[in-house]
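Structural characterization, general
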Amino acid sequence: MITQYLARLTVGVVLSISAFGLVHASGPFTNCAEYVKLGTPGLKGEKLCRTGYALAHNPDTKTPFWVAEHLTAEKASSARARSNDFQPDPDLEESERAELADYKQSGFDRGHMAPAANMRWSREAMSESFFLSNMAPQVGAGMNRGIWKELEEKVRQWAVDREELYIYTGPIYESQDFQTIGTNKVGVPTHFYKIVYDPLQVEVIAFIMPNQKLKTEDMPNYIVSVREVEAKTGLNFLSKLKKRIQDQIEVEPAAALWDLN
């Protein structure tokens, strides 16, 4: 499997410059150019290119800094069965990754950042979505199996309705003194963020949710601006858009343009 990843990383993919001022992509995400087309959110972490997403992994928390996806209507409409083959990431050193034992009896779910249901278009993408590098400890009832699951379902419907979306997801740690689980001390996030950008309508919506049991009907309460997510994570999203476009769409929360019903 590692050989397959290395092979993918050697394939050259060049992005053309668009009306929004996008520039060429290169480096460790060469074959993941589709997912970082609008910019790599940050420089920190181990860069990992997958069939269905790209991510930067944090060796201190054993969770991602960020995970990037490009979800099209075709991908979102696929119906491959869920694989459930949870496994540690084979491309990470054992000392820097989460193990299955860390989550066992921890009281937390293995929360996908790039959802398995977004990967039904490919057997390999589905399998790779279950790497623990794509996960973080998440409260189960009312969060991973509640409001967060509902948000993921809405995003897939938006992808069908809007044709394509760029999605960024990850954990937030409000302080360095965070809770951990397991012998590898996997960091438990205080919050999770998700940013969804529509390149056709040039619209974006962002969420920050505390890692706790929440009421699904309160989802609009967790809509924030992209700039708020950036302030809490130190990341820079949509950086390859022209600055005037970023300033137009990132400063204020945008709920009215998106169907949350």
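Residues numbered from 1 in each chain as written. Predicted model: local features only at pLDDT ≥ 70, side-chain atom pairs only at ≥ 80, totals over all residues. Heavy atoms only, no water.

Quick look at the overall build of the protein chain
Our working rule: Helix and strand definitions follow DSSP, with helices as H or I runs of at least four residues and strands as E runs of at least two, each counted in order from the N terminus. Burial here depends on accessible area, computed with a 1.4 Å probe over protein chains only, as a share of the maximum for the residue type. Under 20% is buried, over 50% is exposed, and the range in between is partly exposed. Here, residues are in contact when the closest pair of their heavy atoms is within 4.5 Å. The protein chains shown are the only cover counted for residues, whose accessible areas, like all others here, come from Shrake-Rupley with a 1.4 Å probe.
Each helix and strand counted, the protein chain has seven helices and 11 strands in total. Burial status across the protein chain gives 56% buried among its 261 residues. Counting contacts in the protein chain only where the partners sit at least 6 residues apart, residues at least 24 apart contribute 66% of the total. Of the roughly 11,700 Å² of accessible surface on the protein chain, a fraction of 49% belongs to carbon and sulfur atoms.

Observations concerning the packing of aromatic side chains
Spelled out, the test is: Only rings of Phe, Tyr and Trp enter the pairing, Trp through its six-membered ring, and a pair is recorded when the two centres are within 6.5 Å. The plane angle decides the type: under 30 degrees is stacked, over 60 is edge-to-face, the rest tilted. Distance and angle both matter: a charge sits over a ring if NZ of Lys or CZ of Arg is within 6 Å of the ring centre and within 35 degrees of the ring normal.
On inspection of all chains with the given rule, the structure shows seven aromatic pairs. Seen from their ring centres, F86 and F130 are 4.8 Å apart, and the 90° between their planes marks the pair as edge-to-face. A residue pair is termed long-range when its members are at least 10 positions apart, and F86 in the loop between α2 (73-76) and α3 (100-103) and F130 in the loop between α4 (123-128) and β5 (135-138) qualify at 44 residues. The pair formed by F86 and F130 is uniform in burial state, with each residue classed as buried. Taking NZ or CZ as reference, R110 lies 3.7 Å from the ring centre of F86, over its face. The positively charged end of R162 is found above the aromatic ring belonging to W258, 3.7 Å away from the centroid.

Digging into the confidence of the model for the protein chain
Put simply, the rule reads: The quantity called pLDDT is the predictor's confidence in a given residue, expressed from 0 to 100.
On average, the protein chain scores 90 in pLDDT, and the residues at 70 or more come to 90%. Below a pLDDT of 50 lies the segment residues 1-26, which in the model reaches 54 contacts outside its immediate sequence neighbourhood of four places, other chains included.

Considerations on the pattern of salt bridges
Which entries qualify depends on this criterion: By definition here, a salt bridge exists when the distance from a side-chain nitrogen of Lys or Arg to a carboxyl oxygen of Asp or Glu is within 4 Å.
Scanning all chains against the criterion turns up 14 salt bridges. Here E153 and K149 are joined by a salt bridge, their closest N and O atoms 2.7 Å apart. With E153 and K149 both in helix α5 (residues 140-162) and four residues apart, the pair spans about one turn of that helix. For K149, a relative accessible area of 40% puts it in the partly exposed group. Between R227 and E230 there is a salt bridge, with its nearest N and O atoms 3.6 Å apart. Here R227 and its partner E230 are both found in helix α6 (residues 226-233), three residues apart, which amounts to about one turn of the helix. We classify R227 as partly exposed; its relative accessible area is 30%. According to the relative accessible area criterion, E230 is buried, its value standing at 12%. Sharing partners across several salt bridges, the network here consists of R227, E230, K243, D247 and E250.

A word on unusual backbone geometry
Although it is not a glycine, K62 adopts a positive phi angle of roughly 60°. On the secondary structure map, K62 appears in the loop between β2 (54-58) and β3 (63-72). Overall, K62 belongs to the buried group, its relative accessible area being 11%.

Describing the state of the cysteines
Linking two cysteines covalently through their sulfur atoms gives a disulfide. Condition: To count as a disulfide, a pair of cysteine sulfur atoms needs to be within 2.5 Å.
On inspection of all chains with the given rule, the structure shows one disulfide. In this model C32 forms its disulfide with C49; the gap between the sulfur atoms is 2.2 Å. Since a negative S-S torsion denotes a left-handed disulfide, the C32-C49 link at about 100° is right-handed. Of the two residues, C32 is situated in the loop between α1 (2-9) and β1 (46-49) and C49 in strand β1; the sequence distance between them amounts to 17 residues.

Focus: the sheet that holds β1
Adjacent strands of a sheet pair through backbone hydrogen bonds, lying either parallel or antiparallel. Defined as follows: One bridge is not enough; two strands pair if DSSP finds at least two bridges between them.
Taken in spatial order, the seven strands line up as β1-β2-β3-β6-β9-β10-β11 in an open sheet, and their pairing is antiparallel. The two strands at the open ends of the sheet, each matched to only one other strand, are β1 and β11 (223-224). Sheet topology note: the strand β9 (residues 191-198)/strand β10 (residues 203-210) ladder contains eight bridges and is antiparallel. Bridge assignment links Y193 to a residue of β10, and that residue is I208.

Description of the pairing of strand β6 (residues 164-172)
Across a regular strand the side chains alternate sides, sitting on one face of the sheet and then on the other. The element β6 is largely enclosed, with a buried count of nine among its nine residues. Sheet analysis places β3 next to β6, joined by six bridges and oriented antiparallel. Counted as the bridge partner of T72 is E164 from β6. In terms of strand pairing, β6 meets β9 through seven bridges, oriented antiparallel. Within β9, the position partnered with I167 by the bridge is V196.

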